[in-house]
Amino acid sequence: MKFSKDIARGREKFAPLPEQLVLKSARVIDPEQGIDDLFDLAIENGVIKSVEKDATISPDFSGEVLDLSGKVITPGWLDLHAHLREPGREDEETIESGALAAANGGFTAVCCMSDTNPAIDTQEIIQYIKDRARGLLVEVLPVAAATKKREGQELTEILDLVGQGAAAISDDPHPILKSEIMRRVLEYSRMIPIPVIVNAEDASMTGKGYLHEGFVSTRLGLGGMPSVAEDLMIGRDLLLSEYTGGLLHISHISTKKAVELIHGAKQRGVKVTADVTPHHLALTDEAVLGFDTNTKVNPPLRSEEDRQALIEGLRKGIIDVIASDHSPHSWEEKASEFIYAPFGVVGLETALSVASTVLCHQAGMDIKELIPKFAVNPYRVLGKTPPAVAAGQPANLTILDPSARWTLSEKNLLSKSHNTPFIGWEMQGKPFGVINKGQMFFSAR
Ligand SMILES: [Zn+2]
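Residues numbered from 1 in each chain as written. Predicted model: local features only at pLDDT ≥ 70, side-chain atom pairs only at ≥ 80, totals over all residues. Heavy atoms only, no water.

S.K.: Looking at this structure, how should I read the environment of His252?
M.R.: Turning to its location among the elements, His252 is positioned in the loop between strand 15 (248-250) and helix 8 (256-268). Remark: the alpha-carbon pair of His252 and Asp325, spanning 73 residues in sequence, is separated by 7.4 Å. Once you skip the residues sitting within four places of it in the chain, His252 turns out to touch His81, Asp172, Asn199, Glu230, Asp275, Val276, Thr277, Asn298, Pro299 and Asp325. Within polar-contact distance, the side chain of His252 engages the side chain of Asp172 at 3.2 Å. (Helix = DSSP H or I, 4+ residues; strand = E, 2+ residues; numbered from the N terminus. Contact = heavy atoms within 4.5 Å. Polar contact = N/O pair within 3.5 Å; in protein donor to acceptor, adjacent residues only side chain to side chain.)

Below, the structure is given as structure tokens:
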């Protein structure tokens, strides 16, 4: 038996799992099974062999043992919303670099959005993505476009795309403006069934905006994006979902009204789920005052009242998921003037730390309340069974260090792009590593 420190060192690539591995003394939290206790996990050939308390390791055990005292093991996490840029903008991110960033952030699966070039609107592109993701530790789940070229005019061959492996349907970051098109997409969604992921935005009200419409936009003299533009579209989509029975997932909600509307719809039995990003939980439009283009996001950073409502929405379970909206952009593009810079920030690698800093250390939530938002609920949104920490299951695990205090620097990021407003932030809580598909990865420190 050897206690291995080497296997826990930061790596820049996925490594094969030792044939036999024991993870000792971790707090195992699996919300689906109602588990929250200290356990030792034995893994053999990529499969969980046992989950035991104080397991005895025989002296002639030839595998590796990793002491995880103080760490938390959960079922592997899924990010519902990431832009991986391949094909089209491989200078900003690729399937492989995005998967590495996902693993570095504690995710063992990631949905890649359809706004590549060409868009994910044919079976060939879905196959291309699957081919590119083959063999990676992180499962990459393609999200297919709802309309051809994401132009909002003509439906894609949704059934064929799902047959090829699409995990959801979305034109994000484009909103689906035509109500009749949205209705048809929701009808497919009910029939298959598969969720429609939307960016709820009435673009006729936001087209000339750069940040949240409010005191800060007035002070800076820049066009604003009113919160009602988001609320209007959420109202419409909830009505259409109620009318059709389609599965609606509203991504990156950012307003207080959105939380109220979704709460009301859920109480009426509408099949709606929602996610929020870590940056909307952490920041308000005040962050834009310095014209940092890494605070330019869509939907925009809103008011403190909105931010507090989002935190409450998560706590009460009105918001189901925390998703990154990982949006890599090149340095040159983000280095331009605020009004010309593209919207979006990278987020896969900071999602856990920003969320746990804001929700656990500032707002007093337990890490246990956070786990379902990353580990279980995203799978439920897609209608998939989440991984489980149980004997006989494939080892698909996320390992966290909830008490780690650290400061984010660029060297912690493995994404090809570094457009984040959180460089220099003091964080509490850190991803430690992931295990999946017979491979492991330990976060860059
Ligand atoms: Zn997006």
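That shown, we press on.
S.K.: It is not clear to me how a nonpolar patch on the surface should be interpreted in this structure. Could you clarify?
M.R.: A contiguous nonpolar surface patch, about 230 Å² in accessible area, is contributed by Met205, Val228 and Leu232. Counting through the fold element by element, Val228 comes out in helix 7 (residues 227-244). Under the relative-accessibility criterion, Val228 is labelled partly exposed at 39%. (Patch = residues over 30% accessible without salt bridge, like charges linked within 9 Å, V, L, I, M, F, W, Y side chains within 5 Å. Areas by Shrake-Rupley, 256 points an atom, 1.4 Å probe, with all protein chains shown as cover. Salt bridge = Lys/Arg side-chain N within 4 Å of Asp/Glu carboxyl O. Buried < 20%, exposed > 50% of the residue type's maximum accessible area, 1.4 Å probe, protein only.)

S.K.: What exactly am I supposed to notice about the state of the cysteines here?
M.R.: Throughout this description, disulfide means a covalent bond between two cysteine sulfur atoms. Within the structure shown, the criterion is met by zero disulfides. You can see Cys111 has no disulfide; the closest cysteine sulfur is in Cys112, sitting 7.7 Å from it. Residue Cys112 is classed as buried on the basis of its relative accessible area of 2%. (Disulfide = S-S within 2.5 Å.)

S.K.: How should I be thinking about the domain arrangement of the protein in this particular structure?
M.R.: It is common to report an interface's size as the accessible area lost on association of the parts. If you check the domain split of the protein, you get domain 1 (2-73 + 391-442) and domain 2 (76-381). Centre-to-centre, using C-alpha coordinates, domain 1 lies 27 Å away from domain 2. Contact residues are listed per partner, giving 40 residues for domain 1 and 53 residues for domain 2. The contact between domain 1 and domain 2 buries some 3700 Å² in all, and 63% of this surface belongs to carbon and sulfur atoms. Per-residue buried area on domain 1 facing domain 2 is highest for Phe14, Lys416 and Asn419; these three make up 18% of the total on that side. At the boundary of domain 1 with domain 2, the tally comes to three salt bridges. The salt bridge involving Lys368 is made with Asp36; its shortest N-O contact spans 3.4 Å. When residues of the side of domain 1 that touches domain 2 are traced back to their parent elements, those giving at least two are strand 3 (20-30), strand 18 (397-407), strand 19 (426-436) and strand 20 (439-442). Examining the composition of the side of domain 1 that touches domain 2, we find that nine residues originate from one element, strand 19, more than from any other. (Domains from an automatic or database assignment. Buried area = accessible area lost by both parts, 1.4 Å probe.)

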